[in-house]
Amino acid sequence: MDLAAATARRLVDPVLAVVFPSACPACGRLLARPGRGPLCEPCWASLPRHRAVACRCGLPLAPGLSACGRCRRGRQPFAAGASLGPYEGSLRVVLHELKYAGRRRAAARLADALLEDPAVRLLVATSDVLVPVPLHPRRLRERGFNQSALLAHEIARRAGTATCPDALVRRLDTVPQAGLTASARRRNVREAFAVRRKASVAGRTVTLVDDVLTTGATALACARRLEEAGAMEIRLLTVARVA
Ligand SMILES: [Zn+2]
Ligand SMILES: [Zn+2]
């Protein structure tokens, strides 16, 4: 943030807090600095983090395991992966605020939180390009932004890594994924994506960026297309992961 914006924020925040007292959507406390994004500072400082040891692909592991099933079977397209924490509590709330309430500033704070982790810093710093999971153009028009592209932009800007927001495109507008079984989701998304900017991924270390990983069907479908386009190594970075 530049100095003028920071100064304006300092002047405006206390006024906003009095005129439009708004509550933290995660805990209900009144926000002292509403301009700083949807959560209160204590909630930002205590976002849920993964406690379990993670597989190299980023999947939190059950106690005693050293690799997830897909990595053990050699069927994992992701050479490395990471996420901030489980999709619950304040992390779930802030991702909803970003995606459905248009609180775009949350993307910057989430990028900061991700990059606090040395493993994430390394993963991003050694990537050639960050590629967000795309939205279908119709959904992009409805929402006005792609939350994954915002996240990739904020992360890339901080880390000095390149990002290619339109390397992948979504050709099919699949029905909302919530409520479908894992196999139905996979069928739905398998053919949904295509690589549009082959030159930006061929022969390169590509990190796919998404807000939430649920079954992994979307990420997997994107990874298959990136593989076909000649990506040298594919990694996965998400804010939250359904453990
Ligand atoms: Zn709070
Ligand atoms: Zn794994």
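This text follows the structure it describes.
Presented here is an overview of the structure given in this document. Each chain carries its own residue numbering, running from 1 in the direction its sequence is written. The naming scheme follows written order: chains are lettered A onward, ligands numbered 1 onward. pLDDT decides what is reported in this predicted model: residues at 70 or higher carry local features, side-chain atom pairs at 80 or more are listed and counted, and totals for whole chains, interfaces and linings draw on all residues regardless. Excluding hydrogens and water, the side-chain values take into account all heavy atoms of the structure.

1. Focus on the coordination of the zinc ion (ligand 2)
Looking at the zinc ion (ligand 2), the protein donor atoms are Cys55 (SG), Cys57 (SG), Cys68 (SG) and Cys71 (SG), and they sit 2.3 to 2.4 Å from it. Considering all four donor atoms around the zinc ion (ligand 2), angles at the metal cover 101 to 120° and the coordination shape is tetrahedral. Donors, by definition, are the N, O and S atoms found within 2.8 Å of a metal, the threshold being 3.2 Å for Na, K and Ca, and water is not counted, so a site can look incomplete. Sequence spacing of the donor residues for the zinc ion (ligand 2), all on one chain, is C-x1-C-x10-C-x2-C. Here Cys57 is found in the loop between helix H2 (41-45) and helix H3 (69-72), whereas its partner Cys68 is found in the loop between H2 and H3, with eleven residues between them in sequence. Note on accessibility: Cys57 and Cys68 belong to one class, buried. Angular criteria define each label, namely tetrahedral for four donors with all angles between 85 and 135 degrees, square planar for four and octahedral for six donors with opposite donors over 155 degrees apart and remaining angles between 65 and 115, and irregular for whatever fails these tests. Secondary structure is summarised from DSSP: a helix means a run of H or I of at least four residues, a strand means a run of E of at least two, and numbering begins at the N terminus for each. Exposure is judged per residue with a 1.4 Å probe applied to protein chains only, and the accessible area is read against the type maximum: over 50% gives exposed, under 20% gives buried, and values in between give partly exposed.

2. Quick notes on the coordination of the zinc ion (ligand 1)
Each protein donor to the zinc ion (ligand 1) is listed here as Cys24 (SG), Cys27 (SG), Cys40 (SG) and Cys43 (SG); together their distances run 2.3 Å. Considering all four donor atoms around the zinc ion (ligand 1), angles at the metal cover 105 to 114° and the coordination shape is tetrahedral. Residue classification places Cys27 among the partly exposed positions, given a relative accessible area of 38%.

3. A word on the pairing of strand S1 (residues 78-86)
Working note: regular strand, side chains alternate between the two faces of the sheet. Here S1 lies mainly inside the structure; eight of its nine residues are buried. One bridge is not enough; two strands pair if DSSP finds at least two bridges between them. Note that S1 and strand S7 (residues 233-241) share seven bridges and pair parallel. Following the sheet pairing, Ser83 is matched in S7 by Thr238.

4. Looking at the nonpolar core
Counting residues in each nonpolar core, the largest one holds 36 residues, and the members touching the most others are Leu91, Leu95, Leu110 and Ile155. For this core, the leading source of residues is helix H5 (residues 106-115), giving seven residues. Contact definition: two residues touch when any of their heavy atoms are within 4.5 Å. If near-sequence neighbours (up to four positions away) are discounted, Leu95 is found in contact with Tyr87, Leu110, Asp211, Val212, Val239 and Ala240. The definition of a nonpolar core used throughout is a set of buried Ala, Val, Leu, Ile, Met, Phe, Trp, Tyr and Cys residues joined through side-chain atoms within 4.5 Å. Core analysis: the second largest hydrophobic core is formed by 24 residues, Leu168, Val189, Val201 and Ala221 among them.

5. As for the sheet that holds strand S6 (residues 205-213)
The parallel open sheet is built from five strands, whose spatial order is S1-S7-S6-S2-S3. Two strands close off the open sheet at either side, each with one partner strand: S1 and strand S3 (162-163). Relative to S3, strand S2 (residues 129-132) runs parallel, the two being bridged by two bridges. Note on S3: the bridge partner recorded for Leu130 is Thr163. In this analysis, axes come from line fits to C-alpha atoms, helices being fitted only over the stretch in contact, and the angle between any two N-to-C directions falls in the range 0 to 180 degrees. With respect to the sheet, helix H4 (residues 89-100) is in contact with S1, S6 and S7, its orientation differing from that of S7 by roughly 105°.

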